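Architecture at a glance
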Amino acid sequence: MKILVINSGSSSLKFKVYNMPEEKMLCSGLIERIGEKTSRLIYKKEDLELIHEESIESHEKGLTIAVRFLMNKEYGVISSAKDIMTVGHRVVHGGRDFFDTVEIDEKVKFDIERLFSLAPLHNPANLTGIEVAEQLFPHAKQIAVFDTSFHQTMPEKAYLYALPKDMSEKYAIRNYGFHGTSHKYVSEIAQKMLNKKDSKIISLHLGNGCSVTAIENGKSLDHSLGFGPATGLIMGTRSGDIDHSILPFISKQYGISIDEIEDILNKKSGMLGLTGKTDMRDIVDAAEQGNKDCQLALSMNAYRIQKYIGAYTAAMNGLDALIFTAGIGENSAYIRNEVCKNMTYLGIEIDEFKNNRKIVSPVDISNSVSKVRIFVIPTNEELEIAKQSYNTMTN
Ligand code: AMP
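All of these numbers come straight from a predicted model, not from anything done at the bench.

In this section: the nonpolar core. In terms of nonpolar packing, the biggest core is built from 42 residues, with Ile202, Leu204, Leu206, Ile309, Leu322, Phe324 and Ile348 touching the most fellow members. At the level of secondary structure, the elements contributing two or more residues to this core comprise strand E9 (200–206), strand E10 (210–216), helix H10 (280–288), helix H11 (292–316), strand E12 (321–325), helix H13 (333–340) and strand E14 (373–376). For this core, the leading source of residues is H11, giving nine residues. Not counting the four nearest positions on each side in its chain, Leu206 is found in contact with Leu233, Ile305, Phe324, Thr325, Ala326, Gly327, Ile328, Gly329 and Ile335. Core analysis: the second largest hydrophobic core is formed by 27 residues, Val67, Ile78, Val87 and Ala133 among them.

The structure is reproduced here in structure tokens:
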């Protein structure tokens, strides 16, 4: 079965075609800068990479061009739109209603729209992707895979905030969690690597956005992002945990609105605010050349992660494995080493040689005496969406 996976953002759209259940990726593509004159589509099939530059004013036009590439006789992967039997969509927010992957009907679309206020940057773009795919692939089943679903197993004591009860209930204010598709994908691989029935795992998704999840016996138990994707770890441009008393203080000092403060916390804080840089490679390089701001930011970053590891180990009363994933987690031996330093009390001990090797597939980088296994597992959210879409279609 050929499954098209679509990850539709506000100004970009990523797609991949998989042959399932073989889990073989046939091609991938990225349409970027939708709505601008400089938009383009990048199409990849095995070693071939094609770049098509054209003004793409809408998601519909972008996906129409993508379908032309998919059906091209020379480098395409389908002969007609009917070859795509299923389209799997990434949907960021499923609110309280979606515990699982679902086939999309009018009610599901209505619910995704109802949740716009909880994910104003993501759900509208996700719904656009669904509506365009419905037009271009009318024979296919459309499936929604929600980033929040994996975290629906969190207990009340973990997902509730200590706000007035009626306020939380009226507006469904709680920790919904994010990056669920990634945490589910890597933790399932980790469970197989552990090869034991009961497991206590901490998954560190360290990319542009960063989050930690405590996963007990395959279920999300607690998670560092929350109502929005802002709390927890220090991220590229987001502050992570911050004392909320700072918000009214800043507002009064600068005479700025809550929207402006939110913009500062989401887009001008984190590693950018501390160092003036967002790319972790640049920050590590500068720190190694003696840049004090970068050195301090990196130690703040690792310290925050260590605090979460301690908290989630306590929450689960134990830890079998720590997972590093996403752009930084998979590629930065420096960050992995900083995080695992001085964690011997918890039984976390890294093997420097294994840590410094180039990592392309799941690997254990703990040393022979470490009680906790330390895994580096490349994430693959699109494959997870294809797997869940396939399972929904065949079960
Ligand atoms: P993602 O959101 O998963 O695509 O991750 C993007 C982040 O990964 C960016 O902040 C990059 O700086 C970071 N990254 C990618 N490669 C490396 C590397 N070799 N070392 C450190 N950070 C990296």
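The geometry of helix H1 (residues 59–70) relative to helix H3 (residues 123–136) is characterised by a closest axis approach of 10 Å and an angle of 45 degrees between their N-to-C directions. The angle between H1 and H3 falls in the class oblique. Where H1 crosses over H3, the two elements pack in a sense that is right-handed. Between H1 and H3, the residues in contact are His59, Glu60, Leu63, Thr64 and Val67 and Thr128, Val132, Ala133, Gln135 and Leu136, respectively. Considering only residue class, the contact of H1 with H3 consists of five nonpolar, four polar and one charged.

Right, let's get into the pairing of strand E8 (residues 141–146). Counting buried positions along E8 gives five out of six residues, so the element sits mostly inside the fold. Where strand E6 (residues 84–91) lies against E8, six bridges are found, and the strand directions are parallel. From the neighbouring strand, Val91 faces E8, where its bridge partner is Phe146. Bridge count between strand E7 (residues 102–103) and E8: two bridges; the pairing is antiparallel. By the bridge assignment for E8, Val102 is matched with Ala144.

Before going further, it helps to examine the packing of aromatic side chains. Scanning all chains against the criterion turns up six aromatic pairs. Both rings, one in Tyr43 and one in Phe69, keep their centres 5.4 Å apart while their planes meet at 45 degrees; by these two values the pair is tilted. One end of the pair, Tyr43, is in strand E4 (residues 40–45); the other, Phe69, is in helix H1, with 26 residues separating them in the sequence. Overall, Phe69 belongs to the buried group, its relative accessible area being 8%. Taken together, a centroid distance of 4.3 Å and an interplanar angle of 15 degrees make the contact between Phe98 and Phe146 stacked. In this pair, Phe98 is assigned in the loop between E6 and E7 and Phe146 in strand E8, connecting sequence segments 48 residues apart. We classify Phe146 as buried; its relative accessible area is 3%. Joined through ring pairs, the aromatic side chains of Tyr43, Phe69 and Tyr75 make up one cluster. For Arg174, the ring lying beneath its charged end belongs to Tyr159, and the centroid distance is 3.7 Å.

Parameters and conventions
- Residues numbered from 1 in each chain as written.
- Predicted model: local features only at pLDDT ≥ 70, side-chain atom pairs only at ≥ 80, totals over all residues.
- Heavy atoms only, no water.
- Core = buried A, V, L, I, M, F, W, Y, C linked by side-chain atoms within 4.5 Å.
- Buried < 20%, exposed > 50% of the residue type's maximum accessible area, 1.4 Å probe, protein only.
- Helix = DSSP H or I, 4+ residues; strand = E, 2+ residues; numbered from the N terminus.
- Contact = heavy atoms within 4.5 Å.
- Axes fitted to C-alpha atoms, helices over the stretch in contact; angles between N-to-C directions.
- Parallel < 35°, antiparallel > 145°, perpendicular 65-115°, else oblique.
- Left-handed = near helix turned anticlockwise from the far one by under 90°.
- Nonpolar A, V, L, I, M, F, W, Y, C, P; charged D, E, K, R; others polar.
- Pairing = 2+ DSSP bridges.
- Phe/Tyr/Trp six-rings, centres within 6.5 Å; stacked < 30°, edge-to-face > 60°.
- Lys NZ or Arg CZ within 6 Å of the ring centre and 35° of its normal.

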